Amino acid sequence: MRELIEWLPDGTPYSPRFGDRYRSELGGLAQSREVFLHGCGLPALWAGQPQWRILETGFGLGLNFLVTWQAWKADPSRPRLLHFVSTEAYPAGAVDVLRAAAAHPELLPLAEQLQAQCWGLLPGLHRLVFESGLVLLTLYIGDTRAVLREQAFEADAVYLDGFSPAKNPGMWDIHTLKAVARCCRRGTRIASWTVARSVLDGLAQVGFAVKKKPGLPPKRDNLQGEFNPRWELRRARHATPVQPTTCVVIGAGLAGAAAAASLARRGWQVLVLDAHGTPAGGASGLPAGVLVPHVSPDDSLLSRLSRYGVRATLQQAEALLREGQDWQARGVLERRLDGSIGLPADWPEAGRDWSEVALPAQKTQAGLDAATAACWHHRAGWIKPARLVGALLAQPGIEWRGGVQVARLERSAATGLWTVLDAKAQPLAQAGLVVLAAGYASRLLVDAGLPLQAIRGQMSWGLRQVADESVFPAFPVNGNGSFIPAVPSGGQTMWLAGAGFQRDRDDSEIDPQDQRANLERLQSLLPATAARLAPAFQEGSVQAWAGVRCASPDRLPLVGPVHAGVLPGLWFSTAMGSRGLTFAVLGGELLAAGLHGEPLPLENRMAQALAPQRFLA
């Protein structure tokens, strides 16, 4: 539920829900810097670190995040990666986030970037990306104690914030403090503006050593301390992060390129090997694809995962590609042939930032009757996958080598290194980490018994004519198949329709029968458009592209280690199915986060749903 904020005459934001101010009467900037940033020993403590992870209880209007981000930017000794994890039960609107920073001109450019990403904040996790992926804000919408169970990372510092214990006792109770402690390592710093006795006692009970420090007027005292329990921690709470060295990624499609880029941002030297002569030579080479979230009445796991993936891909497209030439996300109409809308009945306002019932005018623009069941996806559009692959592989720290056929992998128990071999048993590369992202071919490189399935797809396309204007929709349409009406291509404009979904077929030969099937799908999706294009299909003048995708039995990707205890240093990022544009970038970030002990880009139970172990004995 979105928080309704009142603004007091002195410009201070106020919460009617809790009857409390968001910041002190003297302003929030000094409080953020002195109480939280400096109270946790920053920026001195993060100097020279590969990453720094901050946990905040109570995002509010984002001021603590903005101040920490600003300090990171200004520090020449800053950590390579800054993770800021924050919880918020009642998120403020994007307009209020910007208004709260307006009094601080030095923060305004950062606040504008934050505001631009504060959309669609449904209950759950949201990964917002800044500074080319080096500053990552993981924003949890929900009760702090509940949402922290869905993360598995060690914070280096904790900002214990929120409305006062008297106004919002649930934020400060022993159960919440236990949830915070589970995310800490010995030595994790903690700071807060409150020195309420109940909070001091609760922190001591869960393992923090805290003390009062001189406060920021008008408060007399603040709280500072560190996680240092009197008892011995029986076992490591979290896996030891891997240190970046050298890595080989096998496969230069969307999954491989995304994994390579995520690892390179964290300091890895990545070699990408592929059998094709050019990047995106396999299933990622289709001329253009639709990027659209999945919807379901129960907001299923697939629906929620798809939103995370769409957001992640759009972030990369905005950073790396040319809008209007390589991608465009101005909305997609989804026609529901089953007569339903597909959205949850209690879809909240934040959900309507993503998808809502299509307007009659939008359906009319697509040549459909106003009574047709359809929904409109605001954050959706088309992308040229090969352009995204090329941009990801062009990131610093990545070397690409094509025309290389990997036949076998061998690991040395003595050195812990993997050797990548060709069909003649000649070594191609050696590294401590290998990522298998070769789609259906991944099954040939490791005897893991994973049930990968080949899924062949064929897309039809042609050049757009002047006469098409009157019958083509003004935007992509998805449903039984898809139709993209206008994609720039070599000075001309192309349209695309498709695509097939043929299980257990691993060839990419053009099939005339699939062309007819694409026309049939188009006839059920957009009858007027299909009637216009039918003669071209029948004459055989419509062009085609075919590729082989890879899927798992449950149609979810495989992202994670392969037999971690048996084959250390071997990871999967594959089986993206027909949603490579949706899942590949998210998969790359999930893989990198798992290796480095970082906050995950999705809930822990979702990460487990993608783990290869779900299919292993």
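Conventions adopted
- Residues numbered from 1 in each chain as written.
- Predicted model: local features only at pLDDT ≥ 70, side-chain atom pairs only at ≥ 80, totals over all residues.
- Heavy atoms only, no water.
- Helix = DSSP H or I, 4+ residues; strand = E, 2+ residues; numbered from the N terminus.
- Rg over C-alpha atoms; globule rule 2.2 N^0.38 Å.
- Buried < 20%, exposed > 50% of the residue type's maximum accessible area, 1.4 Å probe, protein only.
- Contact = heavy atoms within 4.5 Å.
- Lys, Arg positive; Asp, Glu negative; His and termini not counted.
- Charge placed at Lys NZ, Arg CZ, Asp CG, Glu CD.
- Polar contact = N/O pair within 3.5 Å; in protein donor to acceptor, adjacent residues only side chain to side chain.
- Pairing = 2+ DSSP bridges.
- Axes fitted to C-alpha atoms, helices over the stretch in contact; angles between N-to-C directions.
- Arc of directions from axis to C-beta.
- Parallel < 35°, antiparallel > 145°, perpendicular 65-115°, else oblique.
- Left-handed = near helix turned anticlockwise from the far one by under 90°.
- Nonpolar A, V, L, I, M, F, W, Y, C, P; charged D, E, K, R; others polar.
- Phe/Tyr/Trp six-rings, centres within 6.5 Å; stacked < 30°, edge-to-face > 60°.
- Lys NZ or Arg CZ within 6 Å of the ring centre and 35° of its normal.
- 1 Å grid on protein atoms, 1.4 Å probe; cavity = no way out; pocket = protein on both sides within 12 Å on 5 of 7 lines; lining within 4 Å.
- Points joined across faces, edges and corners; volume = space filled by probe spheres on them.
- Core = buried A, V, L, I, M, F, W, Y, C linked by side-chain atoms within 4.5 Å.
- Right-handed = clockwise from strand over helix to strand, strands pointing away.

J.: Teacher, can you tell me more about the overall build of the chain here?
T.: The helix and strand tally for the chain stands at 16 helices and 32 strands. Over its C-alpha atoms the chain spans a radius of gyration of 26 Å, differing by no more than 12% from the 25 Å that the globule rule assigns to 617 residues. In terms of overall dimensions, the chain has C-alpha extents of about 85 × 65 × 40 Å along its principal axes. Looking at the chain as a whole, 57% of its 617 residues are labelled buried. For the chain, contacts bridging at least 24 residues in sequence account for 72% of all contacts bridging at least 6. With 60 positive and 54 negative side-chain charges, the chain shows a separation of 4 Å between the mean positions of the two kinds.

J.: What is the right way to look at the side chain of serine 460 in this model?
T.: With respect to the element layout, serine 460 can be found in strand β25 (residues 453-463). A distance of 2.8 Å separates the side chain of serine 460 from the side chain of asparagine 518, its partner in a polar contact. Ignoring any residue separated from it by four or fewer positions in sequence, one finds serine 460 in contact with Trp495, Leu496, Ala497, Gln515, Asn518, Phe537, Val542, Gln543 and Ala544.

J.: It is not clear to me how the sheet that holds strand β31 (residues 558-561) should be interpreted in this structure. Could you clarify?
T.: Each strand in a sheet pairs with another by means of backbone hydrogen bonds, the pair being arranged parallel or else antiparallel. Strand order in the open sheet formed by six strands is β20-β13-β12-β24-β32-β31, with mixed pairing between adjacent strands. Among the strands making up the open sheet, the edge pair consists of β20 (398-401) and β31. Pairs of neighbouring strands in the sheet enclose a mean axial angle of 20°, with direction left out of account. Sheet analysis places β31 next to strand β32 (residues 570-574), joined by four bridges and oriented antiparallel. Following the sheet pairing, valine 559 is matched in β32 by serine 573. Relative to the sheet, helix α15 (residues 580-596) contacts β24 (433-436), β31 and β32, its axis offset from that of β32 by approximately 160°.

J.: Help me understand helix α1 (residues 28-37) in this model?
T.: Owing to its 3.6 residues per turn, the α-helix aligns residues three or four sequence positions apart on the same side. With seven of its ten residues buried, α1 lies for the most part within the structure. Looking only at α1, the buried set comprises Gly28, Leu29, Gln31, Ser32, Val35, Phe36 and Leu37. Buried residues belonging to α1 abut α2 (63-74), β8 (155-160), β9 (184-192) and β11 (221-227).

J.: How should I be thinking about helix α3 (residues 94-101) in this particular structure?
T.: What α3 keeps buried is the set Ala94, Asp96, Val97, Ala100 and Ala101. The arc that holds every buried residue of α3, seen down its axis, measures 165°, which confines them to one face.

J.: Looking at this structure, how should I read the sheet that holds strand β19 (residues 381-383)?
T.: What the three strands build is an open sheet, ordered β14-β19-β15; its pairing is antiparallel. Each of the sheet's edge strands pairs with one partner strand only, and the pair in question is β14 (289-291) and β15 (327-328).

J.: Help me understand the environment of arginine 549, please; the structure alone is not making it clear to me.
T.: You can see arginine 549 is positioned in strand β30 (residues 543-551). Overall, the relative accessible area of 16% leaves arginine 549 in the buried class. Looking at arginine 549, its side chain comes within polar contact range of the main-chain oxygen of arginine 456, at 3.3 Å. Reaching out from arginine 549, the side chain makes a polar contact with the backbone oxygen of glycine 500 at a distance of 2.5 Å.

J.: For this particular structure, what's the right way to read the packing of helix α8 (residues 254-265) against helix α12 (residues 385-393)?
T.: When two helices pack together, you describe them by how their axes are tilted relative to each other and by the distance separating the axes. Contact geometry for α8 and α12: axes closest at 8 Å, N-to-C directions at 25°. When the interaxial angle is binned, α8 and α12 end up roughly parallel. By crossing handedness, the relation of α8 to α12 is classed as left-handed. Residue-level contacts link Leu254, Ala257, Ala258 and Ala261 of α8 to Pro385, Leu388, Val389, Leu392 and Leu393 of α12. In the contact of α8 with α12, the residues fall into nine nonpolar, no polar and no charged.

J.: Would you take a moment to explain the packing of aromatic side chains for this structure?
T.: Given two aromatic rings, one states the distance between the centres and the angle between the planes to describe the pair. In this structure the tally under the stated criterion is 13 aromatic pairs. Ring geometry for phenylalanine 84 against tyrosine 159: centres 5.8 Å apart, planes inclined by 70°, an arrangement best described as edge-to-face. Here phenylalanine 84 is found in strand β5 (residues 81-88), whereas its partner tyrosine 159 is found in strand β8, with 75 residues between them in sequence. Taken as a pair, phenylalanine 84 and tyrosine 159 share a single burial class, namely buried. For the cation-ring pair, arginine 379 lies above tryptophan 119, with the distance from its terminal atom to the ring centre recorded as 3.9 Å. Just above the ring of tyrosine 440 sits the side chain of arginine 443; from NZ or CZ to the centre is 3.6 Å.

J.: Can you help me understand the layout of surface pockets in this one?
T.: Leftover empty space is mapped by rolling, across the atoms, a probe with the size of a water molecule. In this structure, the second largest pocket spans a volume of roughly 870 Å³. Lining the second largest pocket are 44 residues; nearest its centre among them are Arg21, Tyr22, Asp161, Gly162 and Phe163. Tallied by class, the residues present in the lining of the second largest pocket amount to 16 nonpolar, 17 polar and eleven charged.

J.: What should I look at first to understand empty space enclosed by the protein in this one?
T.: Summed over all chains, the structure comprises three cavities of 30 Å³ or more. When its volume is computed, the largest cavity comes out at roughly 50 Å³. Considered class by class, the residues forming the lining of the largest cavity number eight nonpolar, one polar and one charged. Around the second largest cavity sit Pro293, His294, Val295, Ser296, Asp299, Arg307, Pro344, Trp347 and Ser355, which together line it. When the residues that make up the lining of the second largest cavity are grouped by side-chain class, the tally is four nonpolar, three polar and two charged.

J.: Please clarify how the nonpolar core should be interpreted in this entry.
T.: A general tendency of soluble globular proteins is for nonpolar side chains to be buried together. The biggest cluster of nonpolar side chains holds 127 residues, and the ones touching the most others in it are Phe65, Leu114 and Leu263. For this core, the leading source of residues is α15, giving ten residues. What leucine 263 contacts, discounting residues up to four positions off in sequence, is Cys247, Trp268, Val270, Leu433, Val435, Leu591, Ala592 and Leu595. With 25 residues, the next largest nonpolar core counts Val404, Leu570, Phe572 and Leu616 among its residues.

J.: Would you mind going over the environment of glycine 19 with me for this structure?
T.: Positionally, glycine 19 belongs in the loop between β2 (13-15) and β3 (20-21). Judged by its relative accessible area of 22%, glycine 19 is partly exposed. Leave out the neighbours within four places in its chain, and glycine 19 touches Tyr14 and Lys167.

J.: How should I be thinking about the pairing of β8 in this particular structure?
T.: In terms of burial, β8 is a largely internal element, six of the six residues being buried. Looking at chain direction, strand β4 (residues 51-57) and β8 are connected through four bridges and run parallel. In the strand pairing of β8, leucine 55 is matched with valine 158. Inspection of the sheet shows β8 paired to β9 by five bridges, in the parallel sense. Bridge assignment links valine 158 to a residue of β9, and that residue is isoleucine 190. Running through helix α6 (residues 174-181), the crossover from β8 to the neighbouring parallel element β9 is right-handed.

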